[in-house]
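Read off the chains here:
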Amino acid sequence: MIIGVGIDVAEIDRFAASMKRTPGMAERLFLRQELLLPSGEQRGYASLAARFAAKEALAKALGAPGGLLWTDAEVCVEDSGRPLLRVHGTVAARAAELGVRSWHVSLSHDAGIASAVVIAEG
């Protein structure tokens, strides 16, 4: 059963400008491993913007309650390249309240826009 669906978009240039302008923003939004590619290189702004959109979409799928921490939602990548979500703390607690047992996530970026769709399934 689908419990919630969320979608979000982020303008990549605007997101990049915010990241450059605001010291510590990366650490407030992402876990250290989210900032890096599997190779260990720094992840680009388009990829980070898509991950930010996924966190926004995830919040929407949970009904957008206050008090969720950005770093309690982690966008990971399987060996196949497929994105997946891991939730902890505040996000895991809200998901448990709603009966969420699994997540589906899709990320994309093109023409200066990053987007994400998240489905919460119970």
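As shown above, the structure is provided for reference.
What you see is a predicted model, and the numbers here were worked out from it, not measured in a lab.

Criteria and cut-off values
Residues numbered from 1 in each chain as written. Predicted model: local features only at pLDDT ≥ 70, side-chain atom pairs only at ≥ 80, totals over all residues. Heavy atoms only, no water. Patch = residues over 30% accessible without salt bridge, like charges linked within 9 Å, V, L, I, M, F, W, Y side chains within 5 Å. Areas by Shrake-Rupley, 256 points an atom, 1.4 Å probe, with all protein chains shown as cover. Salt bridge = Lys/Arg side-chain N within 4 Å of Asp/Glu carboxyl O. Helix = DSSP H or I, 4+ residues; strand = E, 2+ residues; numbered from the N terminus. Core = buried A, V, L, I, M, F, W, Y, C linked by side-chain atoms within 4.5 Å. Buried < 20%, exposed > 50% of the residue type's maximum accessible area, 1.4 Å probe, protein only. Contact = heavy atoms within 4.5 Å. Pairing = 2+ DSSP bridges. Axes fitted to C-alpha atoms, helices over the stretch in contact; angles between N-to-C directions.

Notes on a nonpolar patch on the surface
At step 1: A grouping of I2, V5, I7 and V117 is seen on the molecular surface, where their side chains present a nonpolar patch of about 360 Å² in accessible area.
At step 2: With 3 residues, strand 1 (residues 2-11) is the largest single contributor of residues to the nonpolar patch.
At step 3: Relative to the elements of secondary structure, V117 occurs in strand 5 (residues 113-121).

Concerning the nonpolar core
At step 1: One finds L58, L62, L85, V100, W103 and V118 to be the most contacted residues of the largest nonpolar core, which totals 17 residues.
At step 2: If you list the elements that add at least two residues to this core, you get helix 3 (45-61), strand 2 (73-77), helix 4 (89-98), strand 4 (102-110) and strand 5.
At step 3: Of the residues forming this core, the biggest block, 5 residues, is contributed by helix 3.
At step 4: Setting aside residues up to four positions removed in sequence, V118 forms contacts with G4, V5, G6, A54, A57, L58, A61, L85, W103, H104 and V105.
At step 5: Membership of the second largest hydrophobic core comes to 14 residues, among which are I12, M19, M25 and A114.

Quick word on the sheet that holds strand 1
At step 1: An order of 1-5-4 is seen for the 3 strands of this open sheet, with the pairing classed as antiparallel. One side of each edge strand has no neighbouring strand; the edge strands of this open sheet are strand 1 and strand 4. Geometrically, the sheet is characterised by an average inter-axis angle of 10° between neighbouring strands, direction not taken into account.
At step 2: Direction of pairing for strand 4 relative to strand 5: antiparallel, over a ladder of 9 bridges. Of the residues in strand 5, the one forming a bridge with S106 is V117.

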